[in-house]
Each structure stands twice: as structure tokens, then as C-alpha cells.
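The primary structure of each chain is shown beneath.
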Amino acid sequence: MTTYTGSCHCGQVAFEVEGTIDGALSCNCSMCSRKGALLWFVPRASLRLTTPEDAAATYLFNRHIIRHRFCPTCGIHPYGEGVDPKGNAMAAVNLRCVEGLDLEAIPVRHFDGRSI
């Protein structure tokens, strides 16, 4: 496994995440399509904030089951939090916020979140 670092644009929300990036998800729901995020899902325990937890604000919408975390200063959404179908705590890391990645080399799966 590899440890990656990332942050919002201004650095107020920063993190380390451990895992193997084998793909990304591009969702077309009303939130993700506007953010343009490429999501990598990891167990929440694999994401460690290197800035205070309260540095990130939270946005909830629709069924209020995903905590969309964003920087209140620069507005960037570095990650989200929720649970998988089995009830495990998960993080959705925005790969566009991870340092040093070649995003063109990561396979992207498209998800029709608009239909949910």
C-alpha cells in the first residue's frame, strides 16, 4: 500500500490516505457533476486528517447519508464520508485533491447517480 497526501486548494483541509488506487468513479448526480470530482473509495480508517477535523465544513443534501466535506475558505471538496451497503465507514477521496497523481493513467468508471 502507498500513502498519498492531499488537500484543498488553500491547504486548510489536508489529509493522508493509505491504499492502492486501482480506479476512480465519476458520478453524474447533482452534487458530483458540479464538483467534477473523481472519487476513490477507501475505508474511513485509511484517511487521516493532518489538519483539525473542524477545519472542514459539512454539506448534506437529499437523504443526508453522505457527509460532503469541504473547505469553507477556498470551497474545494477533498473528501466525503458515509457508509457502504454493509455499514462500514467509508471515505470518498477526491483524487483531484491528491498530490502527484497522473489522473490520465487512472481508469474511470462512470456511475449514474442522477437516477438514484
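Up top you'll find the structure we're talking about.
Read on for an overview of the structure.

So, how was this worked out
- Residues numbered from 1 in each chain as written.
- Predicted model: local features only at pLDDT ≥ 70, side-chain atom pairs only at ≥ 80, totals over all residues.
- Heavy atoms only, no water.
- Pairing = 2+ DSSP bridges.
- Helix = DSSP H or I, 4+ residues; strand = E, 2+ residues; numbered from the N terminus.
- Axes fitted to C-alpha atoms, helices over the stretch in contact; angles between N-to-C directions.
- Core = buried A, V, L, I, M, F, W, Y, C linked by side-chain atoms within 4.5 Å.
- Buried < 20%, exposed > 50% of the residue type's maximum accessible area, 1.4 Å probe, protein only.
- Contact = heavy atoms within 4.5 Å.
- Phe/Tyr/Trp six-rings, centres within 6.5 Å; stacked < 30°, edge-to-face > 60°.
- Salt bridge = Lys/Arg side-chain N within 4 Å of Asp/Glu carboxyl O.

### Some words on the sheet that holds strand E1 (residues 2-7)
Link 1 in the chain: The three strands lie next to each other as E1-E2-E5, forming an open sheet whose pairing is antiparallel. Of all the strands in the sheet, just E1 and strand E5 (47-49) have a single pairing partner and so form its edges. The mean angle between the axes of side-by-side strands here comes to 20 degrees, regardless of whether they run parallel or antiparallel.
Link 2 in the chain: Where E1 and strand E2 (residues 14-19) come together, six bridges link them in antiparallel fashion. Among the inter-strand pairings, Tyr4 is bridged to a residue of E2, identified as Val17.

### Quick word on the nonpolar core
Link 1 in the chain: Formed by 22 residues in total, the largest nonpolar core has its most connected members in Val13, Phe15, Val17, Trp40, Leu47, Val93 and Leu95.
Link 2 in the chain: Apart from residues lying up to four places away in sequence, Val13 is in contact with Gly6, Ser7, Cys8, Thr51, Ala55, Ala56, Cys71, Pro78 and Tyr79.

### Observations concerning the packing of aromatic side chains
Link 1 in the chain: Applying the stated rule across the entire model yields two aromatic pairs.
Link 2 in the chain: Judged by centre distance (5.7 Å) and plane angle (85 degrees), the rings of Tyr4 and Trp40 are edge-to-face. With a gap of 36 residues between them, Tyr4 in strand E1 and Trp40 in strand E4 (residues 39-43) connect regions that are remote in the sequence. The burial state of Tyr4 is the same as that of Trp40; both residues are buried.
Link 3 in the chain: Consider the rings of Tyr59 and Phe61, whose centres lie 5.9 Å apart with planes at 15 degrees: the pair is stacked.
Link 4 in the chain: For Phe61, a relative accessible area of 23% corresponds to the partly exposed category.

### Notes on the pattern of salt bridges
Link 1 in the chain: Under the definition given, this model contains five salt bridges.
Link 2 in the chain: Note that Glu81 and Arg44 form a salt bridge whose closest N and O atoms lie 2.6 Å from each other. On the criterion of sequence distance, the pair formed by Glu81 in strand E8 (residues 79-83) and Arg44 in the loop between E4 and E5 is long-range, its members being 37 residues apart.
Link 3 in the chain: A residue is classified by how much of its surface remains accessible, and Arg44, at 18% relative accessible area, is buried.
Link 4 in the chain: Note that Arg69 is salt-bridged to Glu81, the shortest N-O span being 3.2 Å. On the criterion of sequence distance, the pair formed by Arg69 in strand E7 (residues 67-70) and Glu81 in strand E8 is long-range, its members being 12 residues apart.

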